[in-house]
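Each chain is listed here by its residues.
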Amino acid sequence: MTTLTLDGTGTVNLTQTSLVWRDATNTLVALSDFAWQSVNLDLGAVTEIVVDNAFNNVTLLSLTSDTDFTWSSTGGDQTPFFADGATVGARDLRTTTFDSIDVGALGTLTFDGRVEFNSSSLSDMPVGDKSASDIDVFFGQSDGTERQIRLNASDIYGDVTTDAASSLRMNFGNIFGELTANNDVEVVRGTVADTFSFFGVNTLDVRGTFSAGTNLTSTGMGFVGDNAAQTVLLNGISAVININGKSDFKGGDDVVALNGTIVGDVQMGNGADTLNFTGTTSNALNGGNGDDMMTVKGTIGGIIRGGAGEDNIDMRLSTVTGGFTRGGADNDTIFGSSGNDRLFGDGGNDMIRGGIGRDVMIGGAGADTFIINSFDSLAGSKDFIRDFSSAEGDKIDLSSVAFYFNSNGLFTNRAGEVVQRGRSVQIDEDGDGVADMFVTIQAGVTLSASDFILD
């Protein structure tokens, strides 16, 4: 194939008829001599090319140079078009910059080294409607040295993959396709239209608004990790993550902060994971296997599951609009929301507090502790313990509001007194002989002082 080397240094202005290229015989030629042909371009020592209708009807097999270079335009049809399998990158892997250029490509396009797009686009339809574009773009570092890829007010219409040495920064950058990231991703503001796959021990650092995934079917994925430990950060009060599609972080001890609108289940996967959820979802939040810490401060309409392992699920600052919460098979700690919760400890010796609201608490197998604090279970919002079992070692913890159990069922005007009247456990907090708090238990249970934790 023909290789053309640009003759010059510094900035070169190009038109289609500029006699500034040298062919294999060292003859000066113009791009117009190669219309409807495919060529390799070598920019040599040139640091910037400013094009003016220079690349009409010429397909590029590769683009390289000796140093940093910038490709910019003066207006008009400036589209460089790369063939399937083409490569782009300086020989020393320094910076390749596309500035206000619509770049075209077929099939797969590989970039080697540091790359920056400024107010540019990359698609297989650089002129006209780009929405149907279907290209694969790979950013890599052949020498293994870490470098950053930058999308500044730029769009890629196709699927993008970064290797383990290529981090990605999206500053008003959009990928209208899938993103498979094998290094860190920093988002000032941006969108990944389809699945965002995140591999390796890396960090997604969101500083503005980030949206991932548009496939809302049951098989659609918004975010998928691997068995390494991933970190998702919300950096600043303006940071927002919106995910459309299921999120699966898989294995590893992941640390994840999610807000915005999450449409699709969140699966933390195996490992001791930390989830800080401040968003809105009607789908499930699943801790998976491992000792997970799940702090939920958003609006939840779906199911929360701790999964296997000793999990801590804290919903005290959340708003629950539906669903229920399950701890899993091991010793879990569950704090309910300010609403009407349904809390299941499942197996293990669980600690469950419903909080404010009319809560239903079911410990499941094991010696479970049901915590009732002041204002947790008032007359208009009585909590219900559905499976209290003295034989299993269950306890009702009233240590913050009571210190004495009166087995005869009568108050004696002592502050902090507890009595049982049928299915109702009643607490006189202030000693006026009138119940201030009420907890309902299932029928057929007679409690004794040993069933309580009292101050």
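Please read these numbers as outputs of a predicted model, since none were measured by experiment. Counting restarts for each chain: residues are numbered from 1 in the order of the written sequence. Per-residue local features of the predicted model are confined to residues with pLDDT of at least 70, and side-chain atom pairs are confined, for both listing and counting, to 80 or more; whole-chain, interface and lining totals are unaffected and use all residues. Only heavy atoms go into the side-chain values, all of them from the structure, while hydrogens and water stay out.

On to the overall build of the protein, then. The numbering of helices and of strands both runs from the N terminus, where a helix is a DSSP run of H or I of at least 4 residues and a strand a run of E of at least 2. Of the regular secondary structure elements, the protein holds zero helices and 51 strands. As a reference, a globule follows 2.2 Å times the number of residues to the power 0.38, and the radius of gyration itself is taken over C-alpha atoms. In terms of overall size, the protein is more extended than a compact globule, its C-alpha atoms giving a radius of gyration of 31 Å where 455 residues would be expected to give roughly 23 Å. Dimensions of the protein along its principal axes, counting C-alpha atoms only, are 110 × 35 × 35 Å. Across the 455 residues in the protein, those meeting the buried criterion constitute 53%. Throughout, a residue-residue contact means that at least one pair of heavy atoms, one from each residue, lies within 4.5 Å. Considering only intrachain contacts with a sequence separation of at least 6, the fraction spanning at least 24 residues in the protein is 33%. Where accessible areas are quoted, they stem from the Shrake-Rupley method and a 1.4 Å probe; at the residue level, only the protein chains shown are allowed to cover. Carbon together with sulfur atoms contributes 49% to the accessible area of the protein, which is approximately 17700 Å² in total. Seen as two clouds, the 25 positive and the 61 negative side-chain charges of the protein have centres 6 Å apart. The rule is simple: take the accessible area with a 1.4 Å probe, protein chains only, and divide by the maximum for that residue type; under 20% is buried, over 50% is exposed, in between is partly exposed. Charged residues are defined here as Lys and Arg on the positive side and Asp and Glu on the negative side; His and the ends of the chain fall outside this count. Note on charges: their place is set at NZ of Lys, CZ of Arg, CG of Asp or CD of Glu.

By the secondary structure assignment, Thr180 is in strand E20 (residues 179-181). Sequence spacing of Thr180 and Phe196 is 16 residues, and the spatial spacing of their C-alpha atoms is 6.0 Å. With near-sequence residues (within four places) excluded, Thr180 lies in contact with Val160, Thr161, Thr162, Ser197 and Phe199.

Moving on, we come to the sheet that holds strand E35 (residues 299-300). Between any two strands, at least two bridges found by DSSP are needed for them to pair. A sheet is described by the order of its strands in space; here three strands give the open sequence E32-E35-E38, paired in parallel fashion. The sheet terminates laterally at strand E32 (280-281) and strand E38 (319-320), the two strands that pair on one side only. Pairing between E32 and E35: two bridges, direction parallel. Following the sheet pairing, Thr280 is matched in E35 by Thr299.

Attention now goes to empty space enclosed by the protein. In this analysis a 1.4 Å probe is tested at points of a 1 Å grid over the protein atoms alone, and where it fits but cannot get out there is a cavity; an open set with protein on both sides within 12 Å along at least five of seven lines is a pocket; lining residues have an atom within 4 Å of a point. Grid points are joined across faces, edges and corners, and a volume is the space filled by probe spheres set on the points. Here the structure, examined in full by the defined rule, presents one cavity of 30 Å³ or more. One number sums up the size of the largest cavity: a volume of about 50 Å³. What lines the largest cavity is Ile300, Gly302, Ile304, Met315, Val320, Gly322, Gly323, Phe324, Thr325, Asp341, Arg342 and Leu343. Charged residues are taken to be Asp, Glu, Lys and Arg, nonpolar residues to be Ala, Val, Leu, Ile, Met, Phe, Trp, Tyr, Cys and Pro, and polar residues to be all remaining types, Gly included. Here the residues of the lining of the largest cavity sort into six nonpolar, four polar and two charged.

Right, let's talk about unusual backbone geometry for a bit. Of note, the phi angle at Ser100 is positive, near 60°, even though the residue is not glycine. Positive phi is not limited to glycine here, since Ser119 has a value of about 50°. Within the secondary structure layout, Ser119 lies in the loop between strand E13 (115-118) and strand E14 (121-123).

The next thing to look at is the nonpolar core. With 97 residues, the main nonpolar core has Leu14, Trp21, Phe111, Leu122, Phe196 and Leu204 as its most contacted residues. Of all the elements, strand E23 (residues 203-212) adds the most residues to this core, at four residues. The set of buried Ala, Val, Leu, Ile, Met, Phe, Trp, Tyr and Cys residues whose side-chain atoms join them within 4.5 Å is what this entry labels a nonpolar core.

What follows covers the pairing of strand E49 (residues 424-428). Buried residues dominate E49, accounting for five of its five residues. With burial as the criterion, each face of E49 is covered, one bearing Ser424, Gln426 and Asp428 and the other bearing Val425 and Ile427. In textbook terms, the turn of a hairpin is the stretch between consecutive antiparallel strands, and for strand E48 (residues 417-421) and E49 this stretch comprises two residues, one of which, Gly422, has a positive phi near 65°. Relative to strand E50 (residues 437-441), E49 runs antiparallel, the two being bridged by four bridges. Within the sheet, the bridge partner assigned to Ser424 lies in E50 and is Thr440.

Every residue is assigned a pLDDT by the predictor, reflecting its confidence on a scale from 0 to 100. Taken residue by residue, the protein gives an average pLDDT of 92. The fraction at 70 or more is 97%. In the predicted structure, residues 215-219 sits below a pLDDT of 50 and forms six contacts with residues beyond four places in sequence or in another chain.

Moving on to the packing of aromatic side chains. To pair, rings of Phe, Tyr and Trp, with the six-membered ring standing in for Trp, must have centres within 6.5 Å; the planes then decide the type, stacked if under 30 degrees apart, edge-to-face if over 60, and tilted in the middle. Applying the stated criterion across every chain, the model contains 14 aromatic pairs. Here the aromatic rings of Phe98 and Phe111 are separated by 6.2 Å at their centres, their planes lie at 85°, and the arrangement is edge-to-face. Of the two residues, Phe98 sits in strand E10 (residues 96-99) while Phe111 sits in strand E12 (residues 108-112), which places them 13 residues apart along the sequence. Classification of Phe98 as buried rests on a relative accessible area of 0%. On the accessibility criterion, Phe111 (1% relative accessible area) is buried. Pairing Phe324 with Phe344 gives two aromatic rings, centres 5.6 Å apart and planes at 70°, and the pair type is edge-to-face.

Mapped onto the secondary structure, Asn118 falls in strand E13. Note on Asn118: relative accessible area 16%, which makes it buried. Not counting residues within four places of it along the chain, the set of residues in contact with Asn118 comprises Thr97, Phe98, Asp99, Ser100, Asn152 and Ser154.

Candidates for patches are residues over 30% relative accessible area with no salt bridge; among them, like charges are joined within 9 Å and nonpolar side chains (Val, Leu, Ile, Met, Phe, Trp, Tyr) within 5 Å. Salt bridges are counted wherever a side-chain nitrogen of Lys or Arg sits within 4 Å of a carboxyl oxygen of Asp or Glu. Taken together, the side chains of Ile356, Phe375 and Leu378 define a hydrophobic patch exposed on the protein surface, amounting to about 290 Å² of accessible area. With respect to the secondary-structure elements, Phe375 resides in the loop between strand E44 (369-371) and strand E45 (383-385). Residue classification places Phe375 among the exposed positions, given a relative accessible area of 55%.

Let us look at the pattern of salt bridges. Where charged atoms from two side chains of opposite charge approach closely, those side chains can pair. Enumeration according to the criterion identifies 13 salt bridges in this entry. A salt bridge links Glu186 to Arg207, with the nearest nitrogen and oxygen atoms 3.0 Å apart. Of this pair, Glu186 sits in strand E21 (residues 185-192) while Arg207 sits in strand E23, placing them 21 residues apart in sequence. In this structure, a network of salt bridges that share partners links the residues Arg169, Glu186, Asp205 and Arg207.

What follows concerns the environment of Phe139. Tracing the backbone through its elements, the reader meets Phe139 in strand E15 (residues 136-140). In this view, Phe139 contacts Phe111, Val115, Phe117, Ile149, Ile156, Val160, Thr161, Thr162, Asp163 and Ser166; residues no more than four positions away in its chain are not counted.

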